[in-house]
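Topology and contacts: notes
As a plain string of letters, each chain reads:
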Amino acid sequence: MKTAPFAALALALASAPLLAQGSEAPFSVEETGQAFATLQEAVNSIGEGSGTILIAPGTYGECAVQDHGRIAFVAREFGTVTFDGGACEEKATLVLGGQQARVEGLIFQNISVPDGNGAGIRLEHGDLLVRETLFRDSEQGILTAADPSGSIRIEQSTFSGLGICPEDGDCAHSIYVGEYGSLSVVRTRFERGTGGHYVKTRAPRVEVLDSSFDDSQGRATNYMIDLSNGATGTIARNVFVQGRDKDNYSALIFVGPEGGRHSSEGLAIVDNQASLAPGVERGTTFVADRSGAGIRIENNRLGAEIARFERR
């Protein structure tokens, strides 16, 4: 028999270790004023409800799993909260499977797990909004499962020093989105990749806007954007710089490299700027396509060595 939402919340509150209101505790629930010694205790206290967990400045080696509800994970002071190396379920620092999650002002770093997919965020279900958050020096930044009804939006964040491509396994990427409903990346920076793609997505609807992809210090990286099964949407007003040390330098954006499961008809790739890093002398292609769809590629400023389009 399922427990009623209010009963479940009351049970979680009763069982979680609780610090007195106003005490020195790193994790507090804004709506109730309750403070907790660990992030997981704060998550459990919200249960199937909604709440905002405010996180005090500091460096934390812990992690948390959200199975229910709508939870926001917010730094009290943006850029002062670092989660360093913690991974729950051998997956990620935050394993998110509730109805909705919001992450703001945090830093995730040094995350690795036995299967090579250690991430700051593993999204397994529900909507996700990420703002002003830094993912660095880990196997992946964000990795998701499939939720065709879910949406992901990333704003004003940075992904740095992420990705691996082991010889005996699959690659990890800065962002890898599975069969989600939509992905939106806005005013976000990607840099210094260490393998895989910067953005790999299987979502059928995609926006990548006003962002930068600086691969000049990358190592063994692949595409800037990989729309694995095709997608509609817009890639606009971004700056791309392809570096020297590439595992695959044949294209910056690839549409449908693993087959056109989703329509790419009308995908707009417009008003972008793309170049090679200083000292790099070779040819490449801005947009490669295997979907066969009608893609709108207009008003992009490309370096002399970069071909506009190639059908593959």
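Since we're looking at a predicted model, the values are computed, not measured. (Residues numbered from 1 in each chain as written. Predicted model: local features only at pLDDT ≥ 70, side-chain atom pairs only at ≥ 80, totals over all residues. Heavy atoms only, no water.)

1. Section: the state of the cysteines
Taken as a whole and assessed by the stated rule, the structure comprises two disulfides. There is a disulfide in this structure between Cys-63 and Cys-88, and the S-S distance comes to 2.0 Å. On the sign convention where negative is left-handed, the bridge of Cys-63 and Cys-88, at about 95° about the S-S bond, is right-handed. Within this pair, whereas Cys-63 is found in the loop between strand E4 (58-60) and strand E5 (64-66), its partner Cys-88 is found in the loop between strand E7 (81-84) and strand E8 (92-96), the two being separated by 25 residues in sequence. What pairs with Cys-165 in a disulfide is Cys-171, and their sulfur atoms sit 1.8 Å apart. One disulfide, between Cys-165 and Cys-171, carries an S-S torsion of 105° and so falls in the right-handed class. The cystine pairing of the protein chain, numbering bonded cysteines in sequence order, is 1-2, 3-4. (Disulfide = S-S within 2.5 Å. Helix = DSSP H or I, 4+ residues; strand = E, 2+ residues; numbered from the N terminus.)

2. Things to note about the nonpolar core
If you look at the biggest cluster of nonpolar residues, it comprises 67 residues, and the most contacted ones within it are Ile-53, Phe-73, Ile-121, Ile-225 and Phe-240. Ranked by residues supplied to this core, first place goes to helix H2 (residues 39-46) with four residues. Core analysis: the next-biggest nonpolar cluster, separate from the first, contains eight residues, Cys-88, Ala-92, Val-95 and Leu-143 among them. (Core = buried A, V, L, I, M, F, W, Y, C linked by side-chain atoms within 4.5 Å. Buried < 20%, exposed > 50% of the residue type's maximum accessible area, 1.4 Å probe, protein only.)

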